[in-house]
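The chain contents come next:
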Amino acid sequence: MLTVTDIETFYGPSQALFGVNLSVQAGELVALMGRNGMGKTTTIRSIFGLTPARRGSIEFEAKDLRRLPAYRIAQAGLGLVPEGRRCFPNLSVRENLVATARPGYWSLARVEQLFPRLAERRHQMANTLSGGEQQMLAIGRALMTNPRLLVLDEATEGLAPVIRQEIWSAIRLLKEQGQSTLIVDKSLSELMPVADRCTILEKGRTVWDGHPEALDDDIRDRYLGV
Ligand code: ATP
């Protein structure tokens, strides 16, 4: 479904990615991992054309994403939940959900069923929600675009344990429904049982790719610092 091959990405003159390889097959949940500053967010920004890759290729369902402007990439069927859970602050929960909706399996009713808190707060302005509720809203908004590939960057970072659990339950449900997902998260204990495959980045390069069960103590220690 998604194949990223040897991408190199720069911020001005400073190179951040030196050869990232990554793939997601239909129905898979792939975990993109690595310590802080290793290039996970930059890889996601490159896929979405927000910080375009200068070299390498990014193919999604046989489309060359590097040739598409950023606004066309979402239309190609990718949904992003960016780091920092961006919502439209002065729109209500419901308005946020319908603003960029596209027809498909995910409707307002299904998203509100997945996150009952959003149903309870449907008329509240997004900027009055708690951080965890805003994260649910960001995920709900991405689902409402009915993406064939959902990309979550640090979806549970900095949230209260009870909210994190609700978000992980939703992610497990999405996985059961066959949603293809690429996810960046530091919580190995939640991620490992649900991931089909892990890709590890070190200093802007892919250094390991495999099944979570093959992620032994040596690799965890060397690349993840755990
Ligand atoms: P984290 O887990 O801390 O979010 P990450 O793995 O997502 O880290 P990136 O944010 O992709 O890592 O950063 C990769 C490299 O690019 C780092 O060396 C970082 O300092 C650099 N970088 C990130 N954003 C910028 C920017 N806007 N301008 C210049 N360099 C940047």
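- The name given to the protein in an unreviewed UniProt entry is ABC transporter ATP-binding protein, and the organism recorded there is Halomonas heilongjiangensis.
- Taken from UniProt, the Sequence similarities (unreviewed entry) comment for the protein reads in full: "Belongs to the ABC transporter superfamily."

Focus on the overall build of the protein
Here's step 1: If you tally the helices and strands in the protein, you get nine helices and 10 strands.
Here's step 2: Taking 226 residues into account, the globule formula puts the C-alpha radius of gyration at 17 Å, and the protein, at 17 Å, falls close to it.
Here's step 3: Here the C-alpha coordinates of the protein stretch approximately 45 × 40 × 30 Å along the principal axes.
Here's step 4: Within the protein, residue pairs in contact and separated by at least 24 positions form 68% of the contacts whose partners lie at least 6 positions apart.
Here's step 5: As displayed, the protein offers around 10200 Å² of accessible surface, 50% of which is attributable to carbon and sulfur atoms.
Here's step 6: In the protein, the 28 positive side-chain charges and the 26 negative ones have mean positions that sit 7 Å from each other.

Observations regarding the packing of helix α6 (residues 131–144) against helix α7 (residues 161–176)
Here's step 1: Taken N-terminus to C-terminus, the directions of α6 and α7 make an angle of 15°; their axes are 9 Å apart at the nearest point. Here α6 is positioned roughly parallel relative to α7, judged by the angle of their axes. The element α6 and its partner α7 pack so that their crossing is right-handed. Judged by residue contacts, Gly132, Gln135, Met136, Ile139 and Leu143 of α6 engage Ile163, Glu166, Ile167 and Leu174 from α7.
Here's step 2: Taken together, the residues that form the contact of α6 with α7 break down as six nonpolar, two polar and one charged.

Things to note about the pattern of salt bridges
Here's step 1: Counted by the stated rule, this structure contains 16 salt bridges.
Here's step 2: Notably, a salt bridge pairs Glu133 with Arg121, separated by 2.9 Å at the nearest N-O pair. Here Glu133 is found in helix α6, whereas its partner Arg121 is found in the loop between α5 (116–120) and α6, with 12 residues between them in sequence.
Here's step 3: Between Arg197 and Asp209 there is a salt bridge whose closest N-O contact spans 3.1 Å. One end of the pair, Arg197, is in strand β9 (residues 197–202); the other, Asp209, is in strand β10 (residues 205–210), and 12 residues separate them in sequence.
Here's step 4: Owing to a relative accessible area of 13%, Arg197 belongs among the buried residues under this scheme.
Here's step 5: Taking the relative accessible area as the measure of exposure, Asp209 reaches 40% and is therefore partly exposed.
Here's step 6: Salt bridges sharing common partners tie together Arg117, Glu120, Arg121, Glu133 and Glu166.

Some details on the packing of aromatic side chains
Here's step 1: All chains considered together, the criterion is met by one aromatic pair.
Here's step 2: Look at Tyr105 and Trp106: their rings are 5.1 Å apart centre to centre, the planes differ by 85°, and that puts the pair in the edge-to-face class.
Here's step 3: Of the residues examined, Trp106 reaches a relative accessible area of 7% and is grouped as buried.
Here's step 4: The ring of Tyr105 is capped by Arg110, whose NZ or CZ atom sits 3.9 Å from the centre of that ring.

Points about the UniProt feature "domain: ABC transporter" (unreviewed entry) in the protein
Here's step 1: What UniProt calls "domain: ABC transporter" (unreviewed entry) maps, in this numbering, to residues 2–226.
Here's step 2: Secondary structure within residues 2–226 divides into 35% helix and 27% strand; the distance between the first and last C-alpha atoms comes to 29 Å.

Thoughts on the site of the ligand
Here's step 1: Taken together, 13 residues sit near the ligand, with Gly37, Gly39, Lys40, Thr41 and Thr42 positioned nearest.
Here's step 2: Lys40 is positioned with one of its side-chain polar atoms (N or O) 2.8 Å from an oxygen atom of the ligand.
Here's step 3: Glu83 places a side-chain nitrogen or oxygen 3.5 Å from an oxygen atom of the ligand.
Here's step 4: Surface burial for the ligand is 59%, taken as the share of its 640 Å² of free accessible area covered by protein chains.
Here's step 5: Element by element, the count of residues in the shell around the ligand is highest for helix α1 (residues 40–47), at three residues.
Here's step 6: In terms of residue class, the shell around the ligand is made up of three nonpolar, five polar and five charged.

Analysis parameters
Residues numbered from 1 in each chain as written. Predicted model: local features only at pLDDT ≥ 70, side-chain atom pairs only at ≥ 80, totals over all residues. Heavy atoms only, no water. UniProt positions renumbered as here; feature names shortened; annotations may be inferred. Helix = DSSP H or I, 4+ residues; strand = E, 2+ residues; numbered from the N terminus. Rg over C-alpha atoms; globule rule 2.2 N^0.38 Å. Contact = heavy atoms within 4.5 Å. Areas by Shrake-Rupley, 256 points an atom, 1.4 Å probe, with all protein chains shown as cover. Lys, Arg positive; Asp, Glu negative; His and termini not counted. Charge placed at Lys NZ, Arg CZ, Asp CG, Glu CD. Axes fitted to C-alpha atoms, helices over the stretch in contact; angles between N-to-C directions. Parallel < 35°, antiparallel > 145°, perpendicular 65-115°, else oblique. Left-handed = near helix turned anticlockwise from the far one by under 90°. Nonpolar A, V, L, I, M, F, W, Y, C, P; charged D, E, K, R; others polar. Salt bridge = Lys/Arg side-chain N within 4 Å of Asp/Glu carboxyl O. Buried < 20%, exposed > 50% of the residue type's maximum accessible area, 1.4 Å probe, protein only. Phe/Tyr/Trp six-rings, centres within 6.5 Å; stacked < 30°, edge-to-face > 60°. Lys NZ or Arg CZ within 6 Å of the ring centre and 35° of its normal. Near = heavy atom within 4 Å. Polar contact = N/O pair within 3.5 Å; in protein donor to acceptor, adjacent residues only side chain to side chain.

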